[in-house]
Amino acid sequence: MRRQLVIVGAGPRGTGVLERLAANAPGLYAGPGFDIHLVDPHPPGGGRIWRQAQSPLLWMNSHAEDVTMFTDDTVAMAGPVREGPTLHEWAGLDGHTFADRQLQGRYLRWVYERTLAELPPDITVQHHPRRALRISGPREGRQQVWLEGSTRPLLADLVILAVGHLDAELDSEQEELAAYARRHGLTHLPPDFTADSDLSALPPGEPVLVRGFGLAFVDLMVLLTEGRGGRYDGDTYVPSGREPVLYVGSRRGVPYHSKIGYALTGDRPPLPRFLGPAEVDELLSRPEGFDFRRDVWPLAEKELGFAHYHRLFTAHPGRTAMAWADFEEKYAAADGPAETRALVAAAVPDPADRLDLAALDHPLDGVRYASHDALQEGLRNYVEADLSRRHDPAHSADLGVFLGLLSVYGQLVRLGDIGPWWHGFFSYLASGPPGPRLRQMHALSRAGLLRFVGADMAVTAEDGVFRAASPTVPGFSVEARALVEARLPAPAVGRTRDSLLRELHADGAAETPDGLLRVDPGDGRIRDRAGQPHPRRFALGPYTENRTAGAFTRPRTGGPAFRQNDATARAALSFLSTSLVKELAR
């Protein structure tokens, strides 16, 4: 008679679901207890990405005070709030520290163990250190979860998938590059979690082409410099002689913006203002559906502008030419971008104080350098300017935009799969590296070990080598015998190497045009191709259309992942309780 619940994935998302089960069980589940099976080859709490067995040189890209696994009263959820310490409170750190991932792994393990202790005594948890291979079973009956190396499945009344980032098969371009590398004795490292990549194939002193300028690149840079014995003496890098030379480019051609290095003072922008629950409800109610660029982005753009100008007018009124109340009224009434631009031009004298999201997204558009060396100097100046601005409260309108991005993200989660552009834009502006990492990039550039390639970096394979070029420096190209794709694999269900998701897809689970698993926006039940939610299968995480920015979040920011975890946990508990009552009635 005991119910059985299987959670596949014991990292921070699975741990977060477990925490919500513990919080909600006393009020929702009245049965004789049930068993929870956690399936993950990696340790519970940290899982693969945050496991403690990785280099201590790798940091989080968030301040320790901005990392929590616990809910608060800003999370819009039906379940009870159970507060707990942030990472910096738990570890006794200065809140502005960028903790290493080993420490975050220990924090997550502690959260997991605390959650176990808070479960009702008749609910048990067992960790299975194996991979889940597939799920079988009828919609109206118990599910079978088949594990690697086991001849008998786990029987489950419900299954919750919380598997996080997954390896993927190569796309057609990557496969061609990999095949070329095999034929010519070259090195091609495809998209991967950098800590798991075999970097020994990149020899000292040799050029390495790198595509991608986000957080995966930062990890690569660290492991190939300090990880090979180099060190920093103030703002100067002292090489060990074992480093390769990294030639890095991307679509934008610049690194992600530095984390903001000061705290909010004064009034917080009153968000949401133009893209909130009512606007999302209206979009979801449209029988014809909605288009992101046409219907959603104008609302998001107006919200970000509102957050920017609220901060500018309230914190730096001397740089404005209009009272905030007048500006706010006219901004809300402005009909279209042209009218908004005219209002801003009249109210904000300095163009540097005006928000231009297109220019932010494409900083090298139309920029040309006469030589490769000129580009190096130009981008070092860009990095210096970014560091200066992101650590200067005089530019705190940037912090307003950051808060606006968090607010918008929390609303867009409800709209499901909105395409990859938004996630990249959000990460570029709001989820960049710590300031010290950009200073390290600057030092490595001066040392000649980091060379910028430019925007829209194109890679070709010819003449027995890889070659990279960019329109930012017309006529320049660089060749190398190694190419690294510095990014995580795209979370496409149809290309994942995870047999569990492949089998689900083959068994009728629906996917979005971008390859994400379709799930119910309310509780995360997996949808079939007819749009029907599976009564016994749930999914949360980056491979679903309801993906969020992370499994943990900043305190007091609404925590979309926490909201999802709570809804899924409550749906699971209600189902288990109801199914038990029905079984007893028979």
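These remarks concern the structure in this document. (Residues numbered from 1 in each chain as written. Predicted model: local features only at pLDDT ≥ 70, side-chain atom pairs only at ≥ 80, totals over all residues. Heavy atoms only, no water.)

Section: the layout of surface pockets
- Approximately 650 Å³ is the volume attributed to the second largest pocket.
- Lining of the second largest pocket is provided by 25 residues; of these, E301, P337, T340, R341 and L355 occupy positions nearest its centre.
- If you list the elements that add at least two residues to the lining of the second largest pocket, you get α7 (292-315), α9 (337-347), α10 (357-361) and α13 (420-430).
- Of all the elements, α7 adds the most residues to the lining of the second largest pocket, at eight residues.
- Here the lining of the second largest pocket is composed, by residue class, of 14 nonpolar, four polar and seven charged. (1 Å grid on protein atoms, 1.4 Å probe; cavity = no way out; pocket = protein on both sides within 12 Å on 5 of 7 lines; lining within 4 Å. Points joined across faces, edges and corners; volume = space filled by probe spheres on them. Helix = DSSP H or I, 4+ residues; strand = E, 2+ residues; numbered from the N terminus. Nonpolar A, V, L, I, M, F, W, Y, C, P; charged D, E, K, R; others polar.)

A few points about helix α1 (residues 12-28)
- Across its 17 residues, α1 extends 23 Å between first and last C-alpha, which sits within 8% of the 24 Å expected from 1.5 Å per residue.
- Roughly 30° is the biggest bend found in α1, and it falls at A22, with proline P26 one to four residues downstream.
- With 14 of 17 residues buried, α1 lies mostly within the body of the structure. (Expected span 1.5 Å × (residues − 1). Bend = angle between axes of the 7 residues up to and from the residue. Buried < 20%, exposed > 50% of the residue type's maximum accessible area, 1.4 Å probe, protein only.)

Points about the pattern of salt bridges
- This model, assessed by the stated rule, comprises 41 salt bridges.
- Note that D196 and R48 form a salt bridge whose closest N and O atoms lie 2.8 Å from each other. With a gap of 148 residues between them, D196 in the loop between β8 (187-189) and β9 (207-211) and R48 in the loop between β2 (34-39) and α2 (87-91) connect regions that are remote in the sequence.
- Looking at R48, the relative accessible area reads 19%, which means it is buried.
- Measuring nitrogen to oxygen at the nearest pair gives 3.8 Å for the salt bridge that ties R437 to E226. A residue pair is termed long-range when its members are at least 10 positions apart, and R437 in helix α14 (residues 435-446) and E226 in the loop between α5 (215-224) and β10 (231-233) qualify at 211 residues.
- We classify R437 as buried; its relative accessible area is 2%.
- Here the salt bridges do not stand alone but share partners, grouping R48, R51, D167, D192 and D196 into one network. (Salt bridge = Lys/Arg side-chain N within 4 Å of Asp/Glu carboxyl O.)

So, the sheet that holds strand β4 (residues 132-136)
- Read from one edge to the other, the open sheet built from three strands follows the order β4-β5-β6, with strand pairing classed as antiparallel. The open sheet is flanked by β4 and β6 (154-156), the only strands paired with a single partner. Across the sheet, the mean angle from the axis of one strand to that of its neighbour is 25°, orientation sign disregarded.
- Pairing analysis gives three bridges linking strand β5 (residues 143-147) to β6, with the strands arranged antiparallel. Looking at the pairing, Q143 lines up with A156 of β6. (Pairing = 2+ DSSP bridges. Axes fitted to C-alpha atoms, helices over the stretch in contact; angles between N-to-C directions.)

Here's the deal with empty space enclosed by the protein
- Under the counting rule described, the total for this entry stands at six cavities of 30 Å³ or more.
- Considered as a void within the structure, the largest cavity measures approximately 80 Å³ in volume.
- If you go around the largest cavity, you meet 13 residues; those closest to its centre are L166, A490, P491, A492 and Y543.
- Here the second largest cavity defines a volume of roughly 60 Å³.
- Considering the residues around the second largest cavity, the lining is formed by L189, P190, D192, T194, S197, L199, L220, V484, E485, A486 and R487.
- Looking at side-chain class alone, the lining of the second largest cavity contains six nonpolar, two polar and three charged residues.

Comments concerning unusual backbone geometry
- Note that the residue after L271, namely P272, is joined by a cis bond; omega there is -5°.
- Along the chain, the position of P272 falls in the loop between β12 (245-250) and α6 (277-285).
- Although it is not a glycine, D456 sits at a positive phi angle of roughly 50°.
- Within the element layout of this structure, D456 appears in the loop between β13 (450-455) and β14 (458-462).

Let's talk about the packing of helix α8 (residues 324-333) against α9
- Here α8 crosses α9 at 165°, and the two axes come no closer than 9 Å. Taken together, α8 and α9 sit at an angle that is classed as roughly antiparallel. Crossing angle aside, the handedness with which α8 passes α9 is right-handed. Packed against α8, whose contacting residues are F327, K330, Y331 and A333, the element α9 presents E339, T340, L343, V344 and A347 at the interface.
- A breakdown of the residues in the contact of α8 with α9 according to their chemical character gives six nonpolar, one polar and two charged. (Parallel < 35°, antiparallel > 145°, perpendicular 65-115°, else oblique. Left-handed = near helix turned anticlockwise from the far one by under 90°. Contact = heavy atoms within 4.5 Å.)

What about the nonpolar core?
- L209, V210, F217, L405, L412 and W422 are the most contacted members of the largest nonpolar core, which has 80 residues in total.
- Other than its neighbours up to four places away in sequence, W422 contacts F292, W297, L405, V408, Y409 and L412.
- With 26 residues, the next largest nonpolar core counts V17, L18, I123 and L580 among its residues. (Core = buried A, V, L, I, M, F, W, Y, C linked by side-chain atoms within 4.5 Å.)

Examining the sheet that holds strand β15 (residues 465-469)
- Spatially, three strands are ordered β14-β15-β16 in an open sheet, and the strand pairing comes out antiparallel. Edge positions in the open sheet fall to β14 and β16 (477-480), since each of these has one partner strand only. Each strand axis lies, on average, 25° off the axis of its neighbour in the sheet, ignoring direction.
- Pairing of β14 with β15, which is carried by five bridges, proceeds in the antiparallel orientation. By the bridge assignment for β15, V459 is matched with A468.

Digging into α5
- In terms of burial, α5 is largely enclosed, as nine of its 10 residues are buried.
- Turning to α5, its buried residues are A216, F217, V218, D219, L220, M221, V222, L223 and L224.
- Contact partners of the buried residues in α5: α3 (101-118), β9, β12, α14, β13 and β17 (482-485).

Some thoughts on the environment of A345
- Relative to the elements of secondary structure, A345 occurs in helix α9.
- Take A345: its relative accessible area is 40%, and that puts it in the partly exposed class.
- Expressed as a C-alpha distance, the spacing of A345 and A321, which sit 24 residues apart in the sequence, is 9.7 Å.

Points about the packing of aromatic side chains
- For the coordinates displayed, the defined rule picks out 30 aromatic pairs.
- Plain terms: the ring middles of F327 and Y331 are 5.6 Å apart, the flat faces sit at 25° to each other, and that makes the pair stacked. Of this pair, F327 and Y331 are both found in helix α8, four residues apart, which corresponds to roughly one turn of the helix. The same class applies to F327 as to Y331, namely buried.
- Taken together, the ring pairs connect F274, F306, Y309, F313, W324, F327 and Y331 into an aromatic cluster.
- Stacked on the ring of F274, the Lys or Arg R273 has its end atom at 4.6 Å from the ring centre.
- The positively charged end of K302 is found above the aromatic ring belonging to Y331, 5.4 Å away from the centroid. (Phe/Tyr/Trp six-rings, centres within 6.5 Å; stacked < 30°, edge-to-face > 60°. Lys NZ or Arg CZ within 6 Å of the ring centre and 35° of its normal.)

What is shown is where atoms sit, not what they do.
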